[in-house]
Amino acid sequence: MTVTRIKNKPSSVNRQKAHKTKKPRPAAKDRIVVLFNKPFDVLSQFTDDNNRKTLQDYIHIKNVYAAGRLDRDSEGLLLLTNDGKFQHQLADPKQKTDKTYWVQVEGVPSESNLEQLRLGVTLKDGLTLPAKVSVMNEPTVWERIPPIRERANIATTWLSITIYEGRNRQVRRMTAHIGFPTLRLIRYSIGKWSIDNIKNGEYRKVNTH
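Our subject in this report is the structure included herewith. (Residues numbered from 1 in each chain as written. Predicted model: local features only at pLDDT ≥ 70, side-chain atom pairs only at ≥ 80, totals over all residues. Heavy atoms only, no water.)

**Quick look at the overall build of the chain**
Condition: Runs of E in the DSSP output that reach at least two residues are strands. Runs of H or I that reach at least four are helices, and both are numbered from the N terminus. A simple rule labels every residue: compare its accessible area, found with a 1.4 Å probe on the protein chains alone, to the largest value its type can have, and call it buried under 20%, exposed over 50%, or partly exposed in between. Contacts are assigned to residue pairs that have any heavy atoms within 4.5 Å of one another. Note that accessible areas follow from Shrake-Rupley with a 1.4 Å probe, and for residues the cover is restricted to the protein chains shown.
Assigned secondary structure in the chain consists of four helices and 11 strands. Among the 209 residues that make up the chain, the fraction classed as buried is 43%. Once local pairs closer than 6 in sequence are excluded, the contacts in the chain between residues at least 24 apart make up 71%. Split by element, the accessible area of the chain, about 13400 Å² in all, is 49% carbon and sulfur.

**Comments concerning the nonpolar core**
This is how the line gets drawn: Residues belong to a common nonpolar core when they are buried Ala, Val, Leu, Ile, Met, Phe, Trp, Tyr or Cys residues joined through side-chain atoms within 4.5 Å.
Within the largest apolar cluster, 28 residues are counted, with the highest numbers of intra-cluster contacts made by Leu80, Tyr101, Leu117, Ile161, Ile163, Val171 and Met174. Setting aside residues no more than four positions away along its own chain, Val171 makes contact with Tyr101, Val103, Ile161, Ile163, Thr182 and Leu185.

**Observations regarding the pattern of salt bridges**
Heads up, the rule is: One side-chain nitrogen of Lys or Arg within 4 Å of one carboxyl oxygen of Asp or Glu is enough to make a salt bridge.
For the coordinates displayed, the defined rule picks out 13 salt bridges. Between Arg169 and Asp71 there is a salt bridge; the shortest N-O distance is 3.4 Å. In this pair, Arg169 is assigned in the loop between β8 (156-163) and α4 (170-177) and Asp71 in the loop between β2 (65-66) and β3 (75-81), connecting sequence segments 98 residues apart. We classify Arg169 as partly exposed; its relative accessible area is 32%. For Arg173, the salt bridge is made with Asp125, and the minimal N-O distance between the two is 2.9 Å. Here Arg173, found in helix α4, pairs with Asp125, found in the loop between β5 (122-123) and β6 (126-127); they are 48 residues apart in sequence, far enough to count as distant. Overall, Asp125 belongs to the partly exposed group, its relative accessible area being 43%. A single salt-bridge network, built from bridges that share partners, covers Asp71, Asp73, Arg169 and Arg172.

**Here we look at the environment of Asn200**
Rules: For this analysis, a polar contact is any N or O atom pair within 3.5 Å, provided that within protein one partner can donate a hydrogen and the other can accept it, and provided that sequence-adjacent residues contribute only side-chain to side-chain pairs.
With respect to the secondary-structure elements, Asn200 resides in the loop between β10 (193-194) and β11 (203-206). It is 7.4 Å that separates the C-alpha atoms of Asn200 and Gly76, two residues lying 124 residues apart in sequence. In contact with Asn200, not counting residues within four places along its chain, are Asn37, Lys38, Pro39 and Trp142. At a separation of 3.3 Å, a polar atom in the side chain of Asn200 contacts the main-chain carbonyl oxygen of Lys38.

**Here's the deal with the packing of aromatic side chains**
The cut-off we apply is this: Centres within 6.5 Å make a pair out of two Phe, Tyr or Trp rings, where for Trp the six-membered ring is used; the pair is then stacked when the planes are under 30 degrees apart, edge-to-face when over 60, and tilted otherwise. By definition here, charges over rings are those cases where NZ of Lys or CZ of Arg is within 6 Å of the ring centre and within 35 degrees of the ring normal.
Under the counting rule described, the total for this entry stands at three aromatic pairs. Taking the centre distance of 5.6 Å and the plane angle of 45 degrees together, the rings of Phe36 and Tyr58 count as tilted. Remark: Tyr58 occurs in the loop between β1 (33-38) and β2 and Phe36 occurs in strand β1; sequence separation between them is 22 residues. For Phe36, a relative accessible area of 0% gives the class buried. When the centroid spacing of 6.1 Å and the interplanar angle of 85 degrees are considered together, the rings of Phe86 and Trp193 count as edge-to-face. Highlighted residues: Phe86 in helix α2 (residues 84-91) and Trp193 in strand β10, separated in sequence by 107 residues. Directly above the aromatic system of Phe40 lies the positively charged group of Arg144, at a separation of 3.9 Å from the ring centroid.

**Overview of α4**
Turning to α4, its buried residues are Gln170, Val171, Arg172, Met174 and Thr175. If you follow the buried residues of α4, they end up packed against β4 (99-106), α3 (111-119), β5, β8 and β9 (182-190). Just beyond α4, the residue with positive phi is Gly179, at close to 95 degrees.

**A word on the environment of Val34**
On the secondary structure map, Val34 appears in strand β1. Note: C-alpha distance between Val34 and Ala66 (32 residues apart in sequence) is 9.1 Å. Excluding residues that lie within four positions of it along the chain, Val34 makes contacts with Ile61, Leu78, Leu79, Leu80, Tyr203, Arg204 and Lys205.

Structure below.
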């Protein structure tokens, strides 16, 4: 006797539910990418229950969200987009998108100190990937409000640090690990995008296609 197997077809209710819950990805021509030069003391989100400054105070574009984060006490480049997949790609540590920071540290690190960062240092959450690190001249940037607290008898040094991952407060923890606390941190670039020609507190929409 031949047995005919009948495959269960999804009900129309389930098909409708799947159709409603699946959010289409914006076409490339509809993708929005915003480069925002985030000021100090601003949260990388649009709402806050404690009435602190947020992206809402600066950016008036609907349906864009931060791709990754930038700490409240850090400044510089924050990317926002309306494309969830693109957002994930930028924020995903597996993608190893390079991020360059201008970092003012307390003290004067030696080459051997910096070489530790270039090789990778062991933090509480494991060994960091090798970073590109060099001493740089003090950049011509906006004044931070409030200014950093400098000690008159201790010099400071500006470093350019490029990392390929995005752990919580990673750069600050890296410089503290080698004995040179971060006083000021500005993210200069993410991949091919930078804060060049974007004033602090302002943003620019860019074309990605």
